[in-house]
Amino acid sequence: GENVEQHPSTLSVQEGDSAVIKCTYSDSASNYFPWYKQELGKRPQLIIDIRSNVGEKKDQRIAVTLNKTAKHFSLHITETQPEDSAVYFCAATRTGSARQLTFGSGTQLTVLP
Amino acid sequence: KAGVTQTPRYLIKTRGQQVTLSCSPISGHRSVSWYQQTPGQGLQFLFEYFSETQRNKGNFPGRFSGRQFSNSRSEMNVSTLELGDSALYLCASSLAGQGAETQYFGPGTRLLVL
């Protein structure tokens with residue numbers, strides 16, 4: 001089955017700096033890669049996703065890049081703000097009939113004011 | 001549209017008991033997936049239901065089961081509870097079909113087994 005590794009497990013940045021979180025996946029058939037943000041005590045919320053036919057996707061201060069050959073994808077947050085502090089999860093899956101996400105272990109991002 | 005809802009939000013049970021958790025998907029969503037979240041194991045897929053049929057199942061023992069009703073609402077059941085079943089149980093709903101893989105999560109049910 002699919003295996004997703006996520007690094008780093010914790011990340012502290014100064015407000016205004018950039019943050020980068022990296023994930024690798026094992027199943028070359030995976031073709032959908034969402035990122036979720038989970039604040040303490042709250043539900044995971046989708047912040048951005050990318051499909052394997054695209055190499056990069058941006059949404060304001062958030063971007064995701066995908067390298068299919070190397071089987072890794074990364075989340076980039078620019079101009080970080082204290083409200084970006086949360087746990088971020090990457091995930092991977094094959095599209096098709098089933099809805100089964102394999103998640104990374106999560107990154108605790110802390111933005112220091 | 002209202003988001004995914006789960007009931008109850010919190011539950012305390014003792015070992016050996018059984019528990020049923022409920023999930024109501026976003027209106028129009030026909031797929032419901034369940035995940036277990038623990039500090040040690042992270043987010044792990046339990047199973048997925050679509051059109052009242054289990055389409056996929058994760059690596060969990062048979063004590064974990066589920067079902068889906070004709071209105072797409074889903075329940076999961078855990079029998080003979082063990083201490084290690086203490087976790088946040090999340091359900092997620094999505095539309096059917098290709099290109100509609102985005103899953104939207106509910107707030108979760110936090111289960112504590114004593």
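Scope of this entry: the structure provided in the associated data block. In this text the structure is predicted, and so the values were computed from the model without any measurement.

Rules used in this analysis
- Residues numbered from 1 in each chain as written.
- Chains lettered and ligands numbered in written order.
- Predicted model: local features only at pLDDT ≥ 70, side-chain atom pairs only at ≥ 80, totals over all residues.
- Heavy atoms only, no water.
- Contact = heavy atoms within 4.5 Å.
- Buried area = accessible area lost by both parts, 1.4 Å probe.
- Salt bridge = Lys/Arg side-chain N within 4 Å of Asp/Glu carboxyl O.
- Polar contact = N/O pair within 3.5 Å; in protein donor to acceptor, adjacent residues only side chain to side chain.
- Helix = DSSP H or I, 4+ residues; strand = E, 2+ residues; numbered from the N terminus.
- Buried < 20%, exposed > 50% of the residue type's maximum accessible area, 1.4 Å probe, protein only.
- Pairing = 2+ DSSP bridges.

### A word on the interface of chain A and chain B
Listed per partner, the contact involves 17 residues of chain A and 25 residues of chain B. Between chain A and chain B, a total of about 1900 Å² is buried, with carbon and sulfur atoms accounting for 49% of that surface. By the criterion of area lost to chain B, the three top residues of chain A are A:Arg43, A:Arg99 and A:Phe103, representing 38% of everything that side buries. Taken together, the links from chain A to chain B amount to 1 salt bridge. Residue A:Arg51 is joined to B:Glu101 by a salt bridge in which the shortest nitrogen-to-oxygen separation is 2.7 Å. Taken together, the links from chain A to chain B amount to 9 residue pairs in polar contact (both at pLDDT 80 or more). Only strand E4 (32-38) and strand E5 (45-51) of chain A provide two or more residues apiece to the side of chain A that touches chain B.

### Structural notes on the pairing of strand E11 (residues 107-112) of chain A
All names here are of chain A. Alternating residues of E11 divide into Thr 107, Leu 109 and Val 111, all buried, and Gln 108, Thr 110 and Leu 112, none buried. Relative to E11, strand E2 (residues 10-14) is paired through 5 bridges, and the arrangement is parallel. Residue pairing in the sheet places Gln 14 in a bridge with Leu 112 of E11. Judged from the 3 bridges that link them, strand E9 (residues 86-92) and E11 form a sheet pairing that is antiparallel. Within the sheet, the bridge partner assigned to Val 87 lies in E11 and is Gln 108.

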